[in-house]
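Commentary on secondary and tertiary structure
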Amino acid sequence: MRLTFERIDLYLRHTFRIARGAEDLAPVIITAFEHDGIKGYGEACPSSHYGETAETVHDFLDQVDVNKLSDPFKLQDILPYIDNIRPGNAAAKAAVDIALHDWIGKKLGAPLFRLWGLDKSKTPVTSFTIGIDSPDVIVQKIGEAEEYPILKIKLGSDDDKEIMAAVRKATRKPVRVDANEGWKSKELALERIKWLEQEGVEFVEQPLPASDLAGSAWLRERVSLPLIADENCIRVHDIPKLADAFDGINIKLMKCGGLWEAMKMIHTAKAMGMKVMLGCMIESSVAITAAAHLSPLVDYADLDGNLLVTNDPFEGVKVEKGKLILPDAPGLGVNPRD
């Protein structure tokens with residue numbers, strides 16, 4: 001019984017810029033849980049915004065006592081143990097969670113979506129993300145994304161109107177907007193969203209800083225576009241306090257700690273009448289495919305992190321005209337590339 005891990009740097013096709021920063025590569029840590037001759041894969045994609053780095057992930061995984069994983073089917077016991085090793089460290093916890101789920105599916109000879117009783121034909125269409133950039137590069141990126149029917153546009157800067165003008169010059173596709181906490185006042189957010197209501201926008205994600213929940217509730221009363229919580233929604237216990245401020249939530253495995261917690265979040269949000277989106281960081285096909293197995297349960301998908309890189313070390317979920325196509329193979333159904 002072994003839990004091993006290694007760092008891989010994912011290189012982006014374009015500089016990925018959002019309201020709070022930019023990156024050209026994203027380090028991920030690929031985990032492998034080996035037991036009874038079966039290997040389950042997982043992945044951690046650390047975000048400095050949530051206090052994680054490749055080094056903190058390595059440090060956390062070094063603390064895992066593999067003897068606690070001797071019966072991988074006992075997730076109800078194992079995952080609380082993983083969660084209690086240290087607070088935070090959600091991406092590191094997700095790496096273990098995903099690897100165990102992959103191992104269980106392979107051991108039972110069934111894909112995760114089938115173990116959960118889901119219909120793989122009901123996966124949603126994923127959006128394709130266009131990061132903040134100059135108008136010329138925005139137009140170039142949209143041309144490269146021709147096969148994707150829905151775009152996600154990153155806003156939250158002083159150039160919002162120039163970016164949207166470039167978008168609408170290039171395409172009339174439906175778009176979703178993500179401000180990544182970039183509008184710092186409720187009045188500015190109100191002005192921007194009122195303008196976006198005329199731009200063919202489907203919804204707006206995280207318009208205000210996560211610390212301004214009251215501002216988000218104020219904003220929701222004054223706009224017609226749905227508001228989706230991202231940075232405001234980390235784990236299941238966050239959801240009840242969001243119901244008055246947002247119409248839906250964005251769940252990311254790297255924020256919440258893995259598939260086990262994500263499933264709880266989906267059911268909790270739906271019970272409260274909220275929409276659910278599955279999102280991602282810059283990830284390889286391991287983590288993207290893991291989230292995609294949950295996607296028949298949700299309203300929206302933004303699972304394109306693996307599509308933004310040049311050196312994805314795995315293959316798994318496919319995308320056809322934007323629709324997620326799950327691999328019909330045991331566990332995650334991912335395989336290392338040669």
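What you see is a predicted model, and the numbers here were worked out from it, not measured in a lab.

Details of the nonpolar core
With 113 residues, the main nonpolar core has Leu196 and Ile249 as its most contacted residues. Among the elements that take part in this core, helix 3 (residues 90-108) stands out by supplying 10 residues, more than any other. The residues touching Ile249, leaving out its near neighbours within four places in the chain, are Ile228, Ala229, Cys233, Ile239, Leu242, Met265, Ala269, Met274, Lys275, Val276 and Met277.

What about the pairing of strand 9 (residues 248-251)?
Taken residue by residue, a regular strand's side chains alternate between the two faces of the sheet. The alternating pattern of strand 9 places Gly248 and Asn250 and Ile249 and Ile251 on opposite faces, both of which are buried. Sheet topology note: the strand 8 (residues 227-229)/strand 9 ladder contains two bridges and is parallel. Within the sheet, the bridge partner assigned to Ile228 lies in strand 9 and is Gly248. In terms of strand pairing, strand 9 meets strand 10 (residues 275-278) through four bridges, oriented parallel. Residue pairing for strand 10: Ile251 is matched across the bridge by Leu278.

What about the sheet that holds strand 3 (residues 38-44)?
Strand order in the open sheet formed by three strands is 1-2-3, with antiparallel pairing between adjacent strands. Edge positions in the open sheet fall to strand 1 (2-18) and strand 3, since each of these has one partner strand only. Pairwise comparison of adjacent strand axes, ignoring direction, gives a mean angle of 20° for this sheet. Two strands pair when backbone bridges link them, and strand 1 and strand 2 (residues 21-35) are joined in this way by 13 bridges, in the antiparallel orientation. Along strand 2, the bridge assignment pairs Phe5 with Thr31.

A short note on the packing of aromatic side chains
Counted under the stated rule, the structure contains five aromatic pairs. Where Phe73 meets Trp103, the ring centres are 5.7 Å apart and the plane angle is 70°; that geometry is what we call edge-to-face. One end of the pair, Phe73, is in the loop between helix 1 (54-62) and helix 2 (75-83); the other, Trp103, is in helix 3, and 30 residues separate them in sequence. With relative accessibility at 1%, the residue Trp103 sits in the buried group. For the pair Phe128 and Tyr148, a centre-to-centre distance of 4.7 Å together with 15° between the ring planes defines the contact as stacked. Remark: Tyr148 occurs in the loop between helix 5 (135-144) and strand 5 (151-154) and Phe128 occurs in strand 4 (residues 128-130); sequence separation between them is 20 residues. Here the two residues Phe128 and Tyr148 agree in accessibility, since each one is buried. The structure contains a cluster of three or more aromatic residues connected by ring pairs, namely Phe33, Phe73 and Trp103. Geometry around Trp195 places Lys161 over its ring, the cationic atom sitting 5.6 Å from the centre. Sitting over the ring of Trp218, Lys186 keeps its end group 4.8 Å from the ring centre.

A closer look at helix 5
Of the residues making up helix 5, those classed as buried are Ile138, Lys141 and Ile142. Angular distribution of buried residues about the axis of helix 5 spans 100°; they occupy a single face of the element.

A look at the packing of helix 6 (residues 160-170) against helix 7 (residues 186-196)
Where helix 6 contacts helix 7, the axes come no closer than 12 Å and their chain directions differ by 15°. In this view, helix 6 runs roughly parallel relative to helix 7, as classed from their interaxial angle. Note that helix 6 runs across helix 7; the crossing there is right-handed. In this structure, helix 6 contributes Asp160, Lys161 and Met164 to the contact, and helix 7 contributes Glu191, Arg192, Trp195 and Leu196.

Here's the deal with the sheet that holds strand 11 (residues 300-301)
Taking strand neighbours across the sheet as the criterion, the eight strands line up as 4-5-6-7-8-9-10-11 in an open arrangement whose pairing is parallel. One side of each edge strand has no neighbouring strand; the edge strands of this open sheet are strand 4 and strand 11. Bridge count between strand 10 and strand 11: two bridges; the pairing is parallel. Bridged to Leu278 within strand 11 is Ala301.

Looking at the pattern of salt bridges
In the structure shown here, the tally under the stated rule is 30 salt bridges. The salt bridge involving Glu231 is made with Arg20; its shortest N-O contact spans 2.9 Å. Of the two residues, Glu231 is situated in the loop between strand 8 and strand 9 and Arg20 in the loop between strand 1 and strand 2; the sequence distance between them amounts to 211 residues. Judged by its relative accessible area of 38%, Arg20 falls in the partly exposed class. Measuring nitrogen to oxygen at the nearest pair gives 2.8 Å for the salt bridge that ties Asp178 to Lys154. Taken as a pair, Asp178 in strand 6 (residues 175-178) and Lys154 in strand 5 lie far apart in primary sequence, 24 residues in all. Here the salt bridges share partners, and the residues they tie into one network are Asp83, Lys93, Arg235, Glu261 and Lys264.

Digging into the side chain of Ser157
Looking at where Ser157 falls in the secondary structure, it is placed in the loop between strand 5 and helix 6. At a separation of 3.1 Å, a polar atom in the side chain of Ser157 contacts the main-chain amide nitrogen of Asp159. Those residues within four positions of Ser157 in sequence are excluded, and the remaining contacts are Ile132, Ile163 and Arg192.

How each quantity is defined
Residues numbered from 1 in each chain as written. Predicted model: local features only at pLDDT ≥ 70, side-chain atom pairs only at ≥ 80, totals over all residues. Heavy atoms only, no water. Core = buried A, V, L, I, M, F, W, Y, C linked by side-chain atoms within 4.5 Å. Buried < 20%, exposed > 50% of the residue type's maximum accessible area, 1.4 Å probe, protein only. Helix = DSSP H or I, 4+ residues; strand = E, 2+ residues; numbered from the N terminus. Contact = heavy atoms within 4.5 Å. Pairing = 2+ DSSP bridges. Axes fitted to C-alpha atoms, helices over the stretch in contact; angles between N-to-C directions. Phe/Tyr/Trp six-rings, centres within 6.5 Å; stacked < 30°, edge-to-face > 60°. Lys NZ or Arg CZ within 6 Å of the ring centre and 35° of its normal. Arc of directions from axis to C-beta. Parallel < 35°, antiparallel > 145°, perpendicular 65-115°, else oblique. Left-handed = near helix turned anticlockwise from the far one by under 90°. Salt bridge = Lys/Arg side-chain N within 4 Å of Asp/Glu carboxyl O. Polar contact = N/O pair within 3.5 Å; in protein donor to acceptor, adjacent residues only side chain to side chain.

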